[in-house]
Amino acid sequence: MGMSAAVLAVDAGNSKTDVAVVSGDGEVLATARGGGFQPPVVGVETAVGILAEAVDRALADAGAPRVARVSACLANADFPLEEERLTAALTARGWGGAVDVRNDTFAILRAGVAEPRGVAVVCGAGINCVGMLPDGRTARFPAIGRISGDWGGGWGMAEEALYHAARAEDGRGGPTDLMRTLPAHFGLPSMYALIEALHFERIDPPRRHELTPVLFRTAADGDPVARALIDHLADEVTTLATVALTRLGLLEETAPVVLGGSVLAARHEQLDTGVRDLLAERAPKAVPRVVTAPPVLGAALLGLDTLGSGPEAQDRLRAHF
């Protein structure tokens, strides 16, 4: 396909959207960044409208009104019904001849593997896991929180830290330095003061995410409660990966396990070592690797896979990112 626009790659997360227009030989013709993609909050049409601002800029910069394939990896595409609705909404925009919608975790997986084969566990604000095989078979989880059996993620870890710190201060729980380090992060003297500030939103709710790094620092300083939470997260990450490998028949084969998202990509020593040690026990042939490449690369590679582009195109695309 030469330099003609072949793939419109979209990686749309809760906080930001990255878009790339790519030729069939892997040349990146244009990129753009836009706002977060949150259909459950604003509705599908409004969310796609926000996404469209970045897409339209990228297509205009590439001089391409349409592409052969739209490869969209989207947050909040957790169930087939959501994928169908989002596919219909993107198709109606007329950006490409065909539209593929997947959960955004697939973009991180594809960015971290040489072929569409393996498993990815993503731990950022939330936690999720997907797996895929070249024949199109996948393994996945609903990943919508505790009602779907999930534990962990940056938001969940912050909540757990607050829970244990609050109980330590009022005597319902055992001692932990978290009761000092969490409020100190916001310049407050006690957990009571922090609880009050969070309840009355004198601290913006999204700032709770700031407590996850505090938890990791407290664990690194030796606090047993904080360390136990990190160990629990390592177990959850490993469990997700092992179940996905088993579902795809990869447990007894050498297979990549891609670790992504802000929490795992930070390479915290206790978590990183814990995951690798547990994988060595439960899935000895798994090959863990941390991916730091932008997920939009994975969305573009998935698009090139569909078009049958060869290794040279993939290498050219990876070199850009």
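Before any of the text, the structure's been laid out above.
Per chain, residues are indexed from 1 in the order of the written sequence. Only residues with pLDDT of at least 70 get local features here, since the model is predicted, and only at 80 or more are side-chain atom pairs given and counted; chain-wide, interface and lining totals rely on the full set of residues. Each side-chain value is worked out from all heavy atoms of the structure, with water and hydrogens disregarded.

A. Structural view of the packing of helix α2 (residues 44–62) against helix α3 (residues 80–91). α3 packs onto α2 with a crossing angle of 50° between their chain directions and a minimal axis gap of 10 Å. As summarised for this structure, α2 and α3 are arranged oblique, according to the angle between their axes. Relative to α3, α2 is oriented so that their crossing is right-handed. Across from V44, E45 and V48 in α2, the residues of α3 making contact are L86, A89 and L90. Just so you know the grouping, Ala, Val, Leu, Ile, Met, Phe, Trp, Tyr, Cys and Pro go in nonpolar, Asp, Glu, Lys and Arg go in charged, and all remaining residues, Gly too, go in polar. For the contact of α2 with α3, a count of residues per class yields five nonpolar, no polar and one charged. Axis geometry follows a simple rule: fit a line to the C-alpha atoms, using only the stretch in contact for helices, then measure angles between N-to-C directions, giving values from 0 to 180 degrees. Runs of H or I in DSSP of at least four residues are treated as helices and runs of E of at least two as strands, each being numbered from the N terminus. Roughly parallel means an angle under 35 degrees; roughly antiparallel, over 145; roughly perpendicular, 65 to 115; everything else is oblique. Helix crossings are classified by the rotation of the near helix relative to the far one: an anticlockwise turn of less than a right angle makes the crossing left-handed, while a clockwise turn makes it right-handed. Any two residues having at least one pair of non-hydrogen atoms within 4.5 Å are treated as being in contact.

B. Region of interest: the pattern of salt bridges. Whenever Lys or Arg places a side-chain nitrogen within 4 Å of a carboxyl oxygen from Asp or Glu, that contact is recorded as a salt bridge. Applying the stated rule across the entire model yields 14 salt bridges. A salt bridge links D100 to R69; its shortest N-O distance comes to 2.7 Å. With a gap of 31 residues between them, D100 in strand β5 (residues 96–103) and R69 in strand β4 (residues 67–74) connect regions that are remote in the sequence. Relative accessibility under 20% of the residue-type maximum defines a buried residue, over 50% an exposed one, and the middle range a partly exposed one, all with a 1.4 Å probe and only protein chains included. In this structure D100 comes out as buried when scored by relative accessible area, which is 16%. The salt bridge partner of R172 is D170, with a shortest N-O separation of 2.7 Å. The class for D170 is partly exposed, based on a relative accessible area of 46%. A cluster of three or more residues bridged by salt bridges with shared partners is formed by K16, D18 and R33.

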